[in-house]
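Each chain, written out:
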Amino acid sequence: MSPTVLIIIISSLATGTIITMTSHHWLMAWIGLEMNTLAIIPIISTMHNPRSTEAATKYFLTQAAASAMILFSSMINAWQTGTWDITNLSYNPAHTLLTMALAMKLGLAPMHFWLPEVLQGSTLTTALIITTWQKLAPMALIYMTLNNLSTMTLILLGLLSSIIGGWGGLNQTQTRKIMAFSSIAHLGWMITIASIMPNILILNLMIYMIMTTALFSSLILSKSKTIQDTTATWTLSPTLTIMMMTLLLSLGGLPPLTGFMPKWLILEELVTQNLFPTATIMAMSALLSLFFYMRLTYTTTLTLSPNTAQTKFKWRFKPNRTTLFMGASSTVSIFLLPLTPLILQ
């Protein structure tokens, strides 16, 4: 892809999300989502193989269906209430339709089937964009319409997503599919707390994006597409193996790492609201996710690759790409827990 085309596509991707996040009118939000979808399609299919074409087609069909549902829900709301304002979504069938559409856009269970398939068909860099930047616009719409959405529906979607996200990742050997199920589980945590404490939703989204970016940057640098590939990471950089280990444990939500903060705050808030069964199920589902993070940690740091490395001194060579961004995001992903009181103020 030529640099000019790439710049146009990336700027369209960014503009689409920003339009959706800053709009008050449903049609403008819909236009932003459409721009966003149309910009990512060429990025997914840039590899020109059947798998990436299939991934692009699946992504387009699900996102187009979800966008159509959003447009339909806003139209029937405007028909009933006479307003196109995003925050004034008071007609019951309209907000039920919107919840389902946004769940499909985000990849929440039970509308999650497209996400692992699309990620598996795209490159690691594209998978990073889909699991981070592409979540911002639908999350912004959820945040703006929270007062009108059904709390029970959101909690049920969140519970189902966190369980399926943990369960689905147990049997995977591809790192992109593992990250897809990890994304589903994390989104489940966010949606559960969304209508109870929106501030924690924003905090969780930010931390999730930083942690996912850091881990994907590590996978891109080490070219790890399967679990078996991670066993050869030490030849590239012994430091990177330690960073990946702590990043994976942070994603799993173990203290004293950053990933523990959102889980701790969400469980605390659920218990405060007397939602003990919900909190228990969420905590148990976190153990499912933790298992496949631990498995990746084990292969990365505690096992040697079955095939001999081309050279024992590979780690002495300079990396092909800059590691500044990866280093910064990894540091934040590991050491942010002590700042929790400061962030909550």
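For every chain, the first residue of the written sequence is number 1, and numbering continues from 1 along that sequence. For this predicted model, a pLDDT threshold of at least 70 governs which residues receive local features, and a threshold of 80 or more governs which side-chain atom pairs are given and counted, while totals over whole chains, interfaces and linings are taken from all residues. Hydrogens are left out, water is left out, and the side-chain values use all remaining heavy atoms of the structure.

Per an unreviewed UniProt entry, the protein carries the name NADH-ubiquinone oxidoreductase chain 2 and comes from Anolis opalinus. UniProt positions are given in the numbering used here, feature names are shortened, and annotations may be inferred rather than shown by experiment. UniProt's Catalytic activity (unreviewed entry) comment on the protein is quoted here verbatim: "a ubiquinone + NADH + 5 H(+)(in) = a ubiquinol + NAD(+) + 4 H(+)(out)". One UniProt comment on the protein, placed under Function (unreviewed entry), says "Core subunit of the mitochondrial membrane respiratory chain NADH dehydrogenase (Complex I) which catalyzes electron transfer from NADH through the respiratory chain, using ubiquinone as an electron acceptor. Essential for the catalytic activity and assembly of complex I."

Engineer: Which parts of the structure should I look at to understand the pattern of salt bridges?
Structural biologist: It is possible for side chains of opposite charge to pair when their charged atoms get near one another. Counted as salt bridges are all cases of a side-chain nitrogen of Lys or Arg within 4 Å of a carboxyl oxygen of Asp or Glu. As enumerated under the stated definition, the model contains three salt bridges in all. In this structure, the salt-bridge partner of lysine 58 is glutamate 54, at a minimum N-O distance of 2.7 Å. On the criterion of helical spacing, the pair formed by lysine 58 and glutamate 54 is a turn pair, its members being four residues apart in helix α3 (residues 50–81). Two residues, glutamate 117 and lysine 58, come together in a salt bridge whose shortest N-O distance is 3.6 Å. One end of the pair, glutamate 117, is in helix α5 (residues 114–121); the other, lysine 58, is in helix α3, and 59 residues separate them in sequence. Salt bridges here are not isolated pairs; linked through shared partners, they connect Glu54, Lys58, Glu117 and Lys177. Going along the chain from the N terminus, every DSSP run of H or I of four or more residues is numbered as a helix, and every run of E of two or more is numbered as a strand.

Engineer: I tried to follow empty space enclosed by the protein on my own but got confused; where do I start?
Structural biologist: Empty space among the atoms can be located by rolling a probe the size of a water molecule over them. Only protein atoms enter the calculation, which uses a 1 Å grid: trapped sets of points that fit a 1.4 Å probe without letting it out are cavities, open sets showing protein on both sides within 12 Å along at least five of seven lines are pockets, and any residue with an atom within 4 Å of a point is a lining residue. Grid points are joined across faces, edges and corners, and a volume is the space filled by probe spheres set on the points. One pass over the structure, following the stated rule, counts two cavities of 30 Å³ or more. By volume, the largest cavity is sized at about 60 Å³. Around the largest cavity, the lining residues are Leu33, Asn36, Thr37, Tyr59, Gln63, Lys105, Gln134, Ala137 and Pro138. Listed by contribution, the elements that provide at least two residues to the lining of the largest cavity are α2 (26–44), α3 and α7 (136–145). A total of three residues in the lining of the largest cavity trace back to one element, the largest contributor, which is α2. Residue type decides the class: Asp, Glu, Lys and Arg count as charged, Ala, Val, Leu, Ile, Met, Phe, Trp, Tyr, Cys and Pro as nonpolar, and the leftover types, Gly among them, as polar. Across the lining of the largest cavity, the residue classes tally to four nonpolar, four polar and one charged. Here the second largest cavity is characterised by a volume of approximately 50 Å³. If you list the elements that add at least two residues to the lining of the second largest cavity, you get α9 (175–194), α13 (238–252) and α15 (276–301).

Engineer: Honestly, the packing of aromatic side chains in this entry has me stumped. Any pointers?
Structural biologist: Pairs of aromatic rings are described using the distance from one ring centre to the other and the angle between the two planes. Pairs were defined over the aromatic rings of Phe, Tyr and Trp, the Trp ring being its six-membered one, requiring ring centres within 6.5 Å. Orientation was assigned from the angle between planes: stacked under 30 degrees, edge-to-face over 60, tilted for the rest. Overall, the coordinates contain three aromatic pairs when judged by the stated rule. Ring geometry for tyrosine 59 versus tryptophan 114: centroids 5.5 Å apart, planes at 75°, classification edge-to-face. One end of the pair, tyrosine 59, is in helix α3; the other, tryptophan 114, is in helix α5, with 55 residues separating them in the sequence. Here the two residues tyrosine 59 and tryptophan 114 agree in accessibility, since each one is buried. Here the aromatic rings of phenylalanine 292 and tyrosine 293 are separated by 4.9 Å at their centres, their planes lie at 50°, and the arrangement is tilted. Exposed residues in this analysis have more than 50% of their type's maximum accessible area, buried residues have under 20%, and partly exposed residues fall in between, with area computed by a 1.4 Å probe over protein chains only.

Engineer: What is the right way to read the packing of helix α10 (residues 198–222) against helix α14 (residues 260–272) from this model?
Structural biologist: Helix-helix packing is described using two parameters, namely the angle between the two axes and the distance between the axes. The interhelical angle for the contact between α10 and α14, taken along N-to-C directions, is 160°, at an axis separation of 9 Å. Considering their axes alone, α10 and α14 lie roughly antiparallel with respect to each other. Here α10 runs over α14; the crossing is left-handed. Contacts between α10 and α14 involve Ile200, Leu203, Asn204 and Ile207 on the former and, on the latter, Met261, Pro262, Leu265, Ile266 and Glu269. Helix axes are fitted only over the stretch in contact, all axes being lines through C-alpha atoms; the angle between N-to-C directions runs from 0 to 180 degrees. Every angle not falling under 35 degrees, over 145, or within 65 to 115 is termed oblique; those three ranges are roughly parallel, roughly antiparallel and roughly perpendicular. Handedness of a crossing follows from how the near helix is turned relative to the far one, being left-handed for an anticlockwise turn of less than a right angle and right-handed for a clockwise one. Should any heavy atoms of two residues lie within 4.5 Å, those residues are counted as being in contact.

Engineer: Any chance you could explain the confidence of the model for the protein here in plain terms?
Structural biologist: Residues shown with low pLDDT carry predicted positions that ought not to be read at fine detail. Per-residue pLDDT for the protein averages 93, and the proportion of residues at 70 or more is 96%. Each residue carries a pLDDT score, the predictor's confidence in it, ranging from 0 to 100. Of all the helices and strands in the protein, helix α12 (residues 233–236) carries the lowest mean pLDDT, 82, while α9 carries the highest, 97.

Engineer: How should I be thinking about helix α6 (residues 124–131) in this particular structure?
Structural biologist: Along an α-helix, residues three or four positions apart point the same way, because every turn accommodates 3.6 residues. Burial runs high along α6: seven of the eight residues are buried. Of the residues making up α6, those classed as buried are Leu124, Thr126, Ala127, Leu128, Ile129, Ile130 and Thr131. Taken together, the buried residues of α6 touch α1 (3–22), α2, α3, α5, α9 and α10.

Engineer: How do you make sense of the domain arrangement of the protein when you look at a structure like this?
Structural biologist: Often the size quoted for an interface is simply the accessible area lost on bringing the parts together. The domain limits used here are those given by an automatic or database domain assignment. Its domain assignment divides the protein into domain 1 (1–136) and domain 2 (150–307 + 320–344). Computed from C-alpha atoms alone, the centre-to-centre distance between domain 1 and domain 2 is 23 Å. Contact residues are listed per partner, giving 26 residues for domain 1 and 26 residues for domain 2. Buried area is understood as the total, over both parts, of accessible area removed when two parts are fitted together, assessed with a 1.4 Å probe. Buried surface at the junction of domain 1 and domain 2, both sides included, amounts to about 2,300 Å², of which 78% is carbon and sulfur. Contact with domain 2 buries area across many residues of domain 1, yet Leu108, Gln120 and Leu124 alone supply 28% of it, more than any other trio. Put simply, domain 1 and domain 2 have one salt bridge between them. In this structure, glutamate 117 engages lysine 177 in a salt bridge whose closest nitrogen and oxygen atoms are separated by 3.7 Å. In protein, a polar contact requires one atom able to donate a hydrogen and another able to accept it; more generally it is a pair of N or O atoms within 3.5 Å, and residues adjacent in sequence count only if both atoms are side-chain atoms. The tally of links between domain 1 and domain 2 comes to four residue pairs in polar contact (both at pLDDT 80 or more).

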